[in-house]
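Summary of structural features
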Amino acid sequence: MADPGSCVDCINPEAVSPSAQPPHDPLDASTFVPPSPLPIPSVTIEFCDRCRWLHRATWVSTELFLTFPAPLLKAISILPLNSEETGGRFRVWLFLEGQPPILVWDRKIEGGFPELKVLKQRIRDRVQPGKSLGHSDHK
């Protein structure tokens, strides 16, 4: 088994100064550095947990990451909600630098779940307007 602390694809040993960071032990939680608030650009998917829409939310997040890999989207969070006022909710939010959150999709307003083609086009138009979505751009 490979050493869990070394990844030749991710770490450039010349770029990391030993004095700049405390020693990192991949098996010691006290040496972990938590992420700051979600990096931008990012997406948050809110969904009603009582409606059992977890699988739909994870499928949408996977499709978005495959279409918009880092650094186009740096994070996608999935937020299960379980209260009377959030019943039936499925919303997709986009967070961009220096802008208020953008509501990309709301199931109740739009009258249903997003077609991935439409959702990808709306996000693409904000994060990389010139990007071709291949078959998702064709009618």
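As the structure is a computational prediction, the values presented were derived from the model and not from experiment.

1. Notes on the state of the cysteines
Applying the stated criterion across every chain, the model contains zero disulfides. The structure places no disulfide on Cys48, whose sulfur is separated from the nearest cysteine sulfur, that of Cys51, by 3.3 Å.

2. Some points on helix α1 (residues 54-67)
Helix length check: α1, at 14 residues, gives a terminal C-alpha distance of 20 Å against a target of 20 Å (1.5 Å per residue), a fit within 8%. What α1 keeps buried is the set Ala57, Val60, Ser61, Leu64 and Thr67. When α1 is viewed along its axis, its buried side chains cluster within an angular range of 130° and face the same direction. Exposed and facing more than 90 degrees away from the buried side of α1 are His55 and Leu66.

3. Quick notes on the sheet that holds strand β2 (residues 75-81)
Spatially, the four strands line up as an open sheet ordered β2-β1-β3-β4, and their pairing is mixed. Each edge of the sheet is formed by a strand with only one pairing partner; in this case those strands are β2 and β4 (102-106). Strand after strand, the sheet turns through a mean of 20° between neighbouring axes, direction not considered. Where strand β1 (residues 42-48) and β2 come together, seven bridges link them in parallel fashion. Looking at the pairing, Val43 lines up with Ile76 of β2.

4. Comments concerning the pattern of salt bridges
Per the stated rule, a full pass over the model turns up seven salt bridges. Measuring nitrogen to oxygen at the nearest pair gives 2.7 Å for the salt bridge that ties Asp125 to Arg124. Judged by its relative accessible area of 10%, Arg124 falls in the buried class.

5. So, the environment of Glu97
Mapped onto the elements of the fold, Glu97 is located in the loop between β3 (90-95) and β4. Residues Glu97 and Ile40, spaced 57 residues apart in sequence, show a C-alpha to C-alpha distance of 6.1 Å.

6. Details of helix α3 (residues 116-127)
Taking 1.5 Å of rise per residue, twelve residues should cover 16 Å, and α3 covers 16 Å from first to last C-alpha, within 8% of that figure. Every buried residue of α3 is accounted for by Leu116, Leu119, Lys120, Gln121, Ile123, Arg124 and Val127. Contact partners of the buried residues in α3: β1, α1, β3 and β4.

7. Thoughts on the packing of aromatic side chains
Using the criterion set out here, one finds three aromatic pairs in the structure. Aromatic pair Trp53 and Phe90: ring centres 6.5 Å apart, planes at 75°, arrangement edge-to-face. In this pair, Trp53 is assigned in the loop between β1 and α1 and Phe90 in strand β3, connecting sequence segments 37 residues apart. Comparing Trp53 with Phe90 shows no difference in burial state: the two are buried. Pairing Trp53 with Phe113 gives two aromatic rings, centres 4.7 Å apart and planes at 85°, and the pair type is edge-to-face. Of this pair, Trp53 sits in the loop between β1 and α1 while Phe113 is found in the loop between α2 (107-110) and α3, placing the two residues 60 residues apart along the sequence. One aromatic cluster in this structure is built from Trp53, Phe90 and Phe113. Taking the ring centre of Phe113 as reference, the NZ or CZ of Arg56 above it sits at 3.6 Å.

Quick notes on the rules
Residues numbered from 1 in each chain as written. Predicted model: local features only at pLDDT ≥ 70, side-chain atom pairs only at ≥ 80, totals over all residues. Heavy atoms only, no water. Disulfide = S-S within 2.5 Å. Helix = DSSP H or I, 4+ residues; strand = E, 2+ residues; numbered from the N terminus. Expected span 1.5 Å × (residues − 1). Buried < 20%, exposed > 50% of the residue type's maximum accessible area, 1.4 Å probe, protein only. Arc of directions from axis to C-beta. Pairing = 2+ DSSP bridges. Axes fitted to C-alpha atoms, helices over the stretch in contact; angles between N-to-C directions. Salt bridge = Lys/Arg side-chain N within 4 Å of Asp/Glu carboxyl O. Contact = heavy atoms within 4.5 Å. Phe/Tyr/Trp six-rings, centres within 6.5 Å; stacked < 30°, edge-to-face > 60°. Lys NZ or Arg CZ within 6 Å of the ring centre and 35° of its normal.

That is the geometry; function is a separate question.
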